[in-house]
Amino acid sequence: MNQDGVNKGRRRFLMGATGAMGAVGGVGVAWPLLSSWQPSERAKAIGAPVAVDVGSLGEGEMISVEWRGKPIFIVRRTAEMLETLRSDELRGRLSDPDSDNQNQQPEYARNDVRSREEELLVVEGFCTHLGCAPQYRPQVEPQSFDDNWLGGFFCACHGSRFDMAGRVFRGVPAPSNLAVPPHFREGDMLTIGEDGETA
Ligand code: FES
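Residues numbered from 1 in each chain as written. Predicted model: local features only at pLDDT ≥ 70, side-chain atom pairs only at ≥ 80, totals over all residues.

**Here's the deal with the nonpolar core**
It is characteristic of soluble globular proteins that their nonpolar side chains tend to be buried jointly. The line we're drawing: Here, a nonpolar core denotes buried Ala, Val, Leu, Ile, Met, Phe, Trp, Tyr and Cys residues that are linked to one another through C-beta atoms within 7 Å. Counting other C-beta atoms within 10 Å of each residue's C-beta, where C-beta atoms are placed from the backbone, gives the exposure class: buried for 20 or more, exposed for 12 or fewer, partly exposed between. Only DSSP runs of H or I reaching four residues or more are called helices, and only runs of E reaching two or more are called strands; each is numbered from the N terminus. Residue pairs are scored as contacts if the distance between their C-beta atoms, which are placed from the backbone, is within 7 Å.
Ranked by size, the top nonpolar core spans 36 residues in total, and within it Val65, Ile72, Phe73, Ile74, Leu121, Val122 and Ile192 carry the most contacts. Listing elements by their share of this core, those giving two or more residues are strand S2 (50–53), strand S3 (62–67), strand S4 (70–76), helix H3 (79–85), strand S5 (120–124), strand S7 (152–155) and strand S10 (189–192). Those residues in contact with Val122, other than ones at most four positions away along the chain, are Ile72, Ile74, Ser115, Val180, Pro181, His183 and Ile192.

Here you go:
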(Lines give C-alpha, C1' and ligand atoms only; values in the text may rest on other atoms or scores of the structure.)
Protein backbone atom coordinates (compact mmCIF):
# COMPACT_ATOMS: atom_id res chain seq x y z
CA MET A 1 0.00 0.00 0.00
CA ASN A 2 1.37 3.43 -0.80
CA GLN A 3 1.84 6.14 1.84
CA ASP A 4 -1.35 7.90 0.89
CA GLY A 5 -3.26 4.69 1.33
CA VAL A 6 -1.69 4.12 4.74
CA ASN A 7 -2.62 7.58 5.93
CA LYS A 8 -6.21 7.28 4.70
CA GLY A 9 -6.61 3.99 6.50
CA ARG A 10 -5.32 5.41 9.76
CA ARG A 11 -7.50 8.45 9.36
CA ARG A 12 -10.64 6.35 9.09
CA PHE A 13 -9.57 4.35 12.13
CA LEU A 14 -8.98 7.42 14.22
CA MET A 15 -12.21 9.09 13.32
CA GLY A 16 -14.13 6.01 14.32
CA ALA A 17 -12.18 5.02 17.39
CA THR A 18 -11.29 8.22 19.17
CA GLY A 19 -13.11 11.21 17.77
CA ALA A 20 -9.95 13.17 18.54
CA MET A 21 -8.99 15.10 15.49
CA GLY A 22 -6.57 17.83 14.62
CA ALA A 23 -5.53 19.97 11.72
CA VAL A 24 -2.05 19.31 10.43
CA GLY A 25 -0.21 21.61 8.13
CA GLY A 26 3.31 22.24 6.92
CA VAL A 27 5.11 25.27 8.27
CA GLY A 28 6.52 27.27 5.41
CA VAL A 29 6.66 25.95 1.90
CA ALA A 30 9.71 23.75 2.42
CA TRP A 31 8.21 21.33 4.90
CA PRO A 32 5.92 18.47 4.05
CA LEU A 33 2.20 18.25 4.53
CA LEU A 34 1.78 14.74 5.89
CA SER A 35 -1.92 14.44 6.62
CA SER A 36 -4.91 16.56 7.52
CA TRP A 37 -7.88 16.29 9.85
CA GLN A 38 -10.29 19.06 10.67
CA PRO A 39 -11.23 19.29 14.36
CA SER A 40 -14.92 19.55 15.11
CA GLU A 41 -16.17 22.77 16.66
CA ARG A 42 -16.93 20.90 19.86
CA ALA A 43 -13.43 19.38 19.97
CA LYS A 44 -11.91 22.81 19.51
CA ALA A 45 -14.07 24.27 22.27
CA ILE A 46 -13.05 21.72 24.88
CA GLY A 47 -9.43 21.45 23.80
CA ALA A 48 -9.68 17.76 23.02
CA PRO A 49 -6.46 15.83 22.45
CA VAL A 50 -5.18 15.76 18.89
CA ALA A 51 -3.69 12.66 17.28
CA VAL A 52 -1.28 12.76 14.38
CA ASP A 53 0.59 10.10 12.43
CA VAL A 54 4.32 10.78 12.67
CA GLY A 55 5.37 7.51 11.02
CA SER A 56 6.44 9.17 7.79
CA LEU A 57 8.03 12.23 9.35
CA GLY A 58 11.58 12.19 8.03
CA GLU A 59 14.77 13.20 9.78
CA GLY A 60 15.03 16.95 10.08
CA GLU A 61 11.42 17.48 8.98
CA MET A 62 8.76 19.38 10.89
CA ILE A 63 4.97 19.30 10.86
CA SER A 64 2.54 21.55 12.71
CA VAL A 65 -0.64 20.44 14.49
CA GLU A 66 -3.23 22.75 15.99
CA TRP A 67 -4.15 22.11 19.61
CA ARG A 68 -6.16 24.48 21.81
CA GLY A 69 -5.81 27.17 19.17
CA LYS A 70 -2.01 27.01 19.15
CA PRO A 71 0.35 25.47 16.61
CA ILE A 72 2.29 22.51 17.97
CA PHE A 73 5.59 21.89 16.21
CA ILE A 74 6.78 18.30 15.83
CA VAL A 75 10.32 17.70 14.58
CA ARG A 76 12.17 14.47 14.06
CA ARG A 77 15.67 15.60 14.96
CA THR A 78 18.84 14.18 13.46
CA ALA A 79 21.79 12.80 15.41
CA GLU A 80 23.72 15.92 14.47
CA MET A 81 21.00 18.16 15.87
CA LEU A 82 21.02 16.25 19.16
CA GLU A 83 24.80 16.47 19.39
CA THR A 84 24.65 20.23 18.86
CA LEU A 85 22.02 20.60 21.59
CA ARG A 86 24.44 19.04 24.07
CA SER A 87 27.41 21.17 23.06
CA ASP A 88 28.89 23.69 25.45
CA GLU A 89 29.12 26.13 22.56
CA LEU A 90 25.34 26.26 22.30
CA ARG A 91 24.43 25.83 25.97
CA GLY A 92 26.52 28.86 26.91
CA ARG A 93 24.32 31.06 24.73
CA LEU A 94 21.01 29.95 26.26
CA SER A 95 18.95 31.54 29.01
CA ASP A 96 17.62 28.30 30.56
CA PRO A 97 19.64 25.39 29.11
CA ASP A 98 18.55 22.89 31.80
CA SER A 99 14.84 23.78 31.74
CA ASP A 100 14.88 25.01 35.34
CA ASN A 101 11.61 26.84 34.67
CA GLN A 102 9.36 23.93 35.57
CA ASN A 103 6.26 25.53 34.09
CA GLN A 104 7.48 25.12 30.54
CA GLN A 105 7.42 21.32 30.15
CA PRO A 106 6.16 18.12 31.77
CA GLU A 107 8.69 16.40 33.99
CA TYR A 108 9.35 13.72 31.34
CA ALA A 109 10.60 16.40 28.97
CA ARG A 110 12.82 18.10 31.51
CA ASN A 111 16.13 16.78 30.21
CA ASP A 112 19.02 17.94 28.07
CA VAL A 113 17.08 17.77 24.80
CA ARG A 114 13.61 18.60 26.26
CA SER A 115 11.80 15.61 24.86
CA ARG A 116 10.10 12.42 25.89
CA GLU A 117 11.80 10.51 23.10
CA GLU A 118 15.18 11.82 22.17
CA GLU A 119 14.66 12.43 18.47
CA LEU A 120 11.06 13.67 18.62
CA LEU A 121 10.68 17.32 19.62
CA VAL A 122 7.14 18.45 20.51
CA VAL A 123 6.80 22.15 21.40
CA GLU A 124 4.22 24.88 21.16
CA GLY A 125 4.87 27.11 18.17
CA PHE A 126 3.91 30.07 20.31
CA CYS A 127 6.64 32.58 21.09
CA THR A 128 6.89 33.20 24.83
CA HIS A 129 7.29 36.94 24.19
CA LEU A 130 3.95 37.93 22.61
CA GLY A 131 2.74 34.78 20.96
CA CYS A 132 3.87 34.95 17.33
CA ALA A 133 4.63 31.66 15.59
CA PRO A 134 8.40 31.21 15.25
CA GLN A 135 9.83 30.05 11.92
CA TYR A 136 11.59 26.70 11.62
CA ARG A 137 15.19 27.35 10.57
CA PRO A 138 17.09 24.04 10.81
CA GLN A 139 19.98 25.04 8.55
CA VAL A 140 23.32 25.34 10.34
CA GLU A 141 24.64 28.41 8.58
CA PRO A 142 24.98 32.15 9.18
CA GLN A 143 21.67 33.99 9.20
CA SER A 144 20.88 37.69 9.06
CA PHE A 145 19.86 37.47 12.73
CA ASP A 146 22.75 35.26 13.92
CA ASP A 147 26.22 34.88 12.37
CA ASN A 148 26.74 31.61 14.22
CA TRP A 149 23.33 30.00 13.77
CA LEU A 150 23.23 26.32 14.78
CA GLY A 151 19.63 25.63 13.75
CA GLY A 152 16.38 26.22 15.60
CA PHE A 153 13.44 28.59 15.53
CA PHE A 154 13.39 32.30 14.80
CA CYS A 155 10.55 34.63 15.76
CA ALA A 156 10.50 37.41 13.19
CA CYS A 157 8.11 39.60 15.21
CA HIS A 158 10.80 40.92 17.57
CA GLY A 159 13.83 38.73 16.93
CA SER A 160 13.65 35.99 19.58
CA ARG A 161 15.67 32.85 18.88
CA PHE A 162 15.22 29.31 20.13
CA ASP A 163 17.35 26.23 19.58
CA MET A 164 16.27 22.83 18.25
CA ALA A 165 14.92 21.99 21.72
CA GLY A 166 12.89 25.21 21.95
CA ARG A 167 15.34 26.71 24.46
CA VAL A 168 15.49 30.48 24.35
CA PHE A 169 18.70 32.39 23.70
CA ARG A 170 19.97 35.05 26.06
CA GLY A 171 19.42 38.68 25.18
CA VAL A 172 16.18 38.29 23.22
CA PRO A 173 12.68 39.54 24.14
CA ALA A 174 11.21 36.08 24.85
CA PRO A 175 11.54 35.36 28.59
CA SER A 176 11.38 31.55 28.56
CA ASN A 177 11.73 28.37 26.56
CA LEU A 178 8.94 27.28 24.23
CA ALA A 179 6.42 25.21 26.17
CA VAL A 180 6.24 21.43 25.72
CA PRO A 181 2.59 20.26 25.76
CA PRO A 182 1.51 16.96 27.32
CA HIS A 183 1.95 14.20 24.77
CA PHE A 184 2.63 10.52 24.26
CA ARG A 185 3.28 8.19 21.34
CA GLU A 186 1.88 4.75 20.58
CA GLY A 187 3.36 3.26 17.45
CA ASP A 188 3.22 5.91 14.77
CA MET A 189 0.45 7.85 16.49
CA LEU A 190 1.42 10.87 18.56
CA THR A 191 -1.27 12.28 20.84
CA ILE A 192 -1.06 15.92 21.93
CA GLY A 193 -2.95 16.97 25.04
CA GLU A 194 -2.58 13.89 27.24
CA ASP A 195 0.38 12.38 29.10
CA GLY A 196 -0.51 8.72 28.57
CA GLU A 197 1.44 6.34 30.76
CA THR A 198 4.17 8.25 32.55
CA ALA A 199 5.62 5.47 34.71
S1 FES B 1 6.46 37.65 19.75
FE2 FES B 1 8.28 36.54 19.34
S3 FES B 1 9.84 37.98 19.72
FE4 FES B 1 8.02 39.05 20.19
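**As for the pairing of S2**
Applicable threshold: Criterion used throughout: strands pair if DSSP finds at least two bridges between them.
Burial of the side chains of S2 extends over both faces: Val50 and Val52 are buried on one face and Ala51 and Asp53 on the other. Summarising the sheet, S2 and S10 pair through four bridges and their orientation is antiparallel. Residue pairing for S10: Asp53 is matched across the bridge by Met189.

**Some remarks on unusual backbone geometry**
A positive phi angle, near 55°, is found at Ser99, a position not held by glycine. If you trace the backbone, Ser99 turns up in the loop between helix H4 (88–91) and S5. You can call Ser99 buried: it has 21 C-beta atoms within 10 Å.

**What about the sheet that holds strand S8 (residues 160–163)?**
Put simply, the test is: Note on geometry: axes are C-alpha line fits, over the in-contact stretch for helices, and angles between N-to-C directions span 0 to 180 degrees.
As summarised here, the arrangement of the three strands in space is S6-S7-S8, forming an open sheet in which the pairing is antiparallel. Looking at which strands have only one partner, the edges of the open sheet turn out to be strand S6 (135–137) and S8. Looking at each pair of strands side by side, their axes are set apart by 25° on average, direction ignored. Relative to S8, S7 is paired through four bridges, and the arrangement is antiparallel. Across the sheet, Phe154 pairs through a bridge with Arg161, a residue of S8.

**A closer look at the pairing of S4**
Both S3 and S4 contribute to a ladder of six bridges, which runs antiparallel. The residue bridging Met62 from the neighbouring strand is Val75, located in S4.

**A few points about the environment of Val75**
Looking at the secondary structure, you find Val75 in strand S4. Residues Val75 and Ser64, spaced 11 residues apart in sequence, show a C-alpha to C-alpha distance of 8.9 Å. For Val75, the contacting residues outside a window of four places in its chain are Met62 and Leu121.

**Remarks on the environment of Glu89**
Here Glu89 lies in helix H4. Take Glu89: there are 9 C-beta atoms within 10 Å of it, and that puts it in the exposed class. Between the alpha carbons of Glu89 and Leu150 there is a distance of 9.8 Å; along the sequence they are 61 residues apart.

**Side note on the sheet that holds S10**
With respect to topology, three strands assemble into an open sheet ordered S2-S10-S9, the strand pairing being antiparallel. Of all strands in the sheet, those bounded by a partner on one side alone are S2 and strand S9 (183–186). Adjacent strand axes in the sheet meet at a mean angle of 20°, parallel and antiparallel pairs treated alike.

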